[in-house]
Amino acid sequence: MINKFTTNNSNPQPSPELWAGPDHLDSWKEIASYLRREIRTVQLWEKKEGLPIHRHFHKQLGSVYALRSELECWKRQVSRTSSSQETESGDLSKRVENRVTIGVPPLTDITASPQSRQLCDSILAKTVTALEQLNPAQLHIVSLTSPPQSEPTDPANTSSGETVDYLLKWRIGDNDGGLRVDASLVLSNSGAVAWSHTYHCQPNDLEEIPDYIPEQIAQCLWLKVCSSPKLRTAAGRSEKTGARESYLRGRYFWNQRNEEGLRKAIHCFESAIQEDPQFALPYSGLADSLNLLSFYEIVSPSEAMPSARSAALKAIELDPNLAEAHASLADVLLHFDRDWQAADHEYRRSIECNPDYALGYHWYANLLTARGQHEAAHISIMHALEIDPVSIITLVWAGVTSHLAHQFDEAIKHYQSALELDPHFIWAHMYMALALEQTGNFKGALREFETTIQLAGGSNCVKAMKAHAHAAAGDESSAREILNGLKRTRSRKCMPSYDIAATYVALGESNQAVEWLNRACGERNMKLFTLTQDPRFDPLRQSPEFMQIVEHVGLPQSSPTRG
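Side note on the pattern of salt bridges
Then, in step 1: Enumeration according to the criterion identifies 16 salt bridges in this entry.
Then, in step 2: A salt bridge links Arg348 to Asp344, with the shortest nitrogen-to-oxygen separation between them at 2.9 Å. Taken as a pair, Arg348 and Asp344 lie in helix H12 (residues 340-353) at a separation of four residues, close to a single helical turn. In terms of burial, Arg348 and Asp344 fall into one category: buried.
Then, in step 3: Here Glu476 ties to Arg480 by a salt bridge, and the two come within 2.9 Å at their closest N and O atoms. Of this pair, Glu476 and Arg480 both sit in helix H20 (residues 476-488), four residues apart, roughly one helical turn.

Below, the structure is given as structure tokens:
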């Protein structure tokens, strides 16, 4: 079953309109003045002590703001901890307590039928269980026996006197024979909304929502409240200067995201390893380079990914708390091994090791998207942009995350922001073409595909995507001409089996599409993680053969309906 749940636009970042007024502090200067500290001290507290700071994004730029209510909650957390270690600024005598308490009251404002109410009791119980299993060291869940007071308290307390930092509130109601569930996370002392989302469940999906909704909510809440910046434990060793310089050069080339840059990066990482074999970071860089060579279909996954796994495991062996290493291993587990549970564990481990590592959130968004958890994926990719708001590839992938949620106009805005930073960035043009095609702008899409091919010096996968655009536009002859050319090509690079399959879908040849998808599975094509979300495969979703492939890949069969 596909397209089961309709999700409304949510509020992953509380809107400025909602928080306008006396609770709102609109700059570093105002925040510092409120806390009676220097701006530099407050900025250190954000990095080292988890001071709750939010950011607005205006294209590629951003501005900060904070809430007095959240700052007061943070100060209480500081005062509750028993640690005596001082911060770098020397102004705080105690460390921030990492554990966050969320109170879960019973369902309120119920207008649903008795059957739906029973269903929602099951949703509530499974949500509590899912939250409790996420990370007991970081997250404490308290089931409240009565609804919260209409007016917030300061602080909120349970019947046992335990302080609650947040409340997870619910409203449910019948909706055209189905069910509407409104969930929101609010600060207990002010009632300010930190996160909210609405789920519209269709009548034939009611049996499955007790598992679907709790998983969605748990992922979103973990990202919102358990992954704020905190002090990272040092590895306890000093690497050789030459090795560090080689590593940094490698990351520079790696960020260029093209074949020449990736091969230069591999050379730099290998040089760093030769200079200092106990330096963990170059092993992670080597794994990431091999990963991208496979993802961009330059080298076959079977050739590159076993070495990528070995490099990532070596990095973890040398530094078990290295965020980069866990993210590297997670990407191997996601794209090559298709071990979704192990990949999830490693992505979370990466974020826990260093919540300031943007790539951990960036790549975690891929897994969340593959599962159809688009709201959590959006939160994750926006965390990455908060950390590095001018990362071109992260801006592009914010667009991809929106694209796979079928929010094409939003995706185009992200691609435009990336192209403002670098008008020649290959992947921004390529994904822009895919989004324009989905909006019906075939002329613009074909123009962007041609630009991408020129910038890439020829690319088989982009040619296959361009063939899909021709087919979708009704130009069957051009599409077949490109496909025939690809089949005749004897290139050292991989055959773009996944994108060829998509083109056959557009041509209405489902048997050929299934054949090429099976070939992509045999090749372990690394794009397969998008299979259940890629809009190009929407016409094929009800096919039993397609469902068999999805099951073989290990992806969930169901996904939210996009509004």
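Some details on the pairing of strand E5 (residues 100-104)
Then, in step 1: Burial analysis of E5 places five of its five residues in the buried class, the great majority of the element.
Then, in step 2: Going residue by residue along E5, you find Val100, Ile102 and Val104 tucked away on one face and Thr101 and Gly103 tucked away on the opposite face as well.
Then, in step 3: As judged from the five bridges shared by E5 and strand E6 (residues 139-143), these two strands associate in the parallel manner. Looking at E6, one finds that Val104 is bridged to Ser143.
Then, in step 4: Alignment of E5 against strand E9 (residues 166-175), held across two bridges, turns out to be parallel.

Points about the packing of helix H9 (residues 281-295) against helix H11 (residues 323-337)
Then, in step 1: At a closest axis distance of 9 Å, the pairing of H9 and H11 adopts a crossing angle of 25°. When the axes of H9 and H11 are compared, the pair comes out roughly parallel. In this structure, the crossing between H9 and H11 has a hand that is left-handed. Facing Leu281, Ser284, Ala287, Asp288, Asn291 and Phe295 of H9, the residues of H11 in contact are Glu324, Ala325, Ser328, Asp331, Val332 and His335.
Then, in step 2: Each residue belonging to the contact of H9 with H11 can be placed in one class, and the counts come to five nonpolar, four polar and three charged.

Considering the side chain of Ser350
Then, in step 1: Within the secondary structure layout, Ser350 lies in helix H12.
Then, in step 2: When residues no more than four places from it in sequence are discounted, the contact partners of Ser350 are Ala323, His326, Ala327, Tyr357 and Gly360.

Digging into the packing of aromatic side chains
Then, in step 1: Within this structure, the stated rule accounts for 13 aromatic pairs.
Then, in step 2: Between Phe295 and Tyr296, the aromatic rings sit 5.9 Å apart at their centres with planes inclined by 65°, giving edge-to-face as the arrangement.
Then, in step 3: With a relative accessible area of 12%, Tyr296 lands in the buried category.
Then, in step 4: Among the aromatic residues, ring-to-ring pairing joins Phe295, Tyr296, Trp397, Tyr415, Trp427, Tyr431 and Phe529 into one connected group.
Then, in step 5: Its guanidinium or amino end placed over the ring of Trp254, Arg251 lies 4.7 Å from that ring's centre, counting from NZ or CZ.

Here we look at H20
What sets the pattern is the α-helix's 3.6 residues per turn: residues three or four places apart point alike.
Then, in step 1: With 13 residues, H20 extends 18 Å between its outermost C-alpha atoms, agreeing within 8% with the 18 Å of an ideal straight helix rising 1.5 Å per residue.
Then, in step 2: Within H20, burial applies to Ser478, Ala479, Ile482, Leu483 and Leu486. The arc that holds the buried residues of H20, viewed along the axis, is 135°, so those residues lie on one side. Among the exposed residues of H20, those oriented more than 90 degrees off its buried face are Ser477, Glu481 and Arg488.
Then, in step 3: Where the residues of H20 are buried, they touch helix H19 (460-472) and helix H21 (497-506).

Here we look at helix H6 (residues 209-225)
Then, in step 1: When the terminal C-alpha atoms of H6 are compared, their 24 Å separation across 17 residues agrees well with the 24 Å that a helix rising 1.5 Å per residue should span.
Then, in step 2: Within H6, 15 of the 17 residues are buried, which leaves it mostly tucked inside the rest of the structure.

Here we look at the packing of H11 against H12
Then, in step 1: Following both chains from N to C, one finds H11 and H12 inclined at 165°, their axes separated by 8 Å at the closest point. Relative to H12, H11 is oriented roughly antiparallel. The two elements H11 and H12 cross, and the hand of that crossing is left-handed. Taken together, the residues of H12 that come into contact with H11 (itself represented by Ala323, His326, Ala327, Leu329, Ala330, Asp331, Leu333 and Leu334) are Trp340, Ala342, Ala343, Glu346, Tyr347, Arg349, Ser350 and Cys353.
Then, in step 2: Along the lines of polarity and charge, the residues of the contact of H11 with H12 split into eleven nonpolar, two polar and three charged.

Overview of the pairing of strand E11 (residues 193-201)
Then, in step 1: Burial analysis of E11 places nine of its nine residues in the buried class, the great majority of the element.
Then, in step 2: Pairing of strand E10 (residues 178-187) with E11, which is carried by eight bridges, proceeds in the antiparallel orientation. Following the sheet pairing, Ser184 is matched in E11 by Ser196.
Then, in step 3: Once E10 ends, the chain turns through five residues before running back antiparallel as E11, passing Gly191 with a positive phi of about 80°.

Things to note about the environment of Val181
Then, in step 1: Summarising the element assignment, Val181 is placed in strand E10.
Then, in step 2: For Val181 and Trp170, which are eleven residues apart along the polypeptide, the C-alpha to C-alpha distance reads 7.1 Å.
Then, in step 3: Ignoring anything within four residues of it in the chain, the contact list for Val181 reads Ile123, Trp170, Arg171, Ile172, His197, Thr198, Tyr199 and Ile213.

Parameters at a glance
Residues numbered from 1 in each chain as written. Predicted model: local features only at pLDDT ≥ 70, side-chain atom pairs only at ≥ 80, totals over all residues. Heavy atoms only, no water. Salt bridge = Lys/Arg side-chain N within 4 Å of Asp/Glu carboxyl O. Helix = DSSP H or I, 4+ residues; strand = E, 2+ residues; numbered from the N terminus. Buried < 20%, exposed > 50% of the residue type's maximum accessible area, 1.4 Å probe, protein only. Pairing = 2+ DSSP bridges. Axes fitted to C-alpha atoms, helices over the stretch in contact; angles between N-to-C directions. Parallel < 35°, antiparallel > 145°, perpendicular 65-115°, else oblique. Left-handed = near helix turned anticlockwise from the far one by under 90°. Contact = heavy atoms within 4.5 Å. Nonpolar A, V, L, I, M, F, W, Y, C, P; charged D, E, K, R; others polar. Phe/Tyr/Trp six-rings, centres within 6.5 Å; stacked < 30°, edge-to-face > 60°. Lys NZ or Arg CZ within 6 Å of the ring centre and 35° of its normal. Expected span 1.5 Å × (residues − 1). Arc of directions from axis to C-beta.

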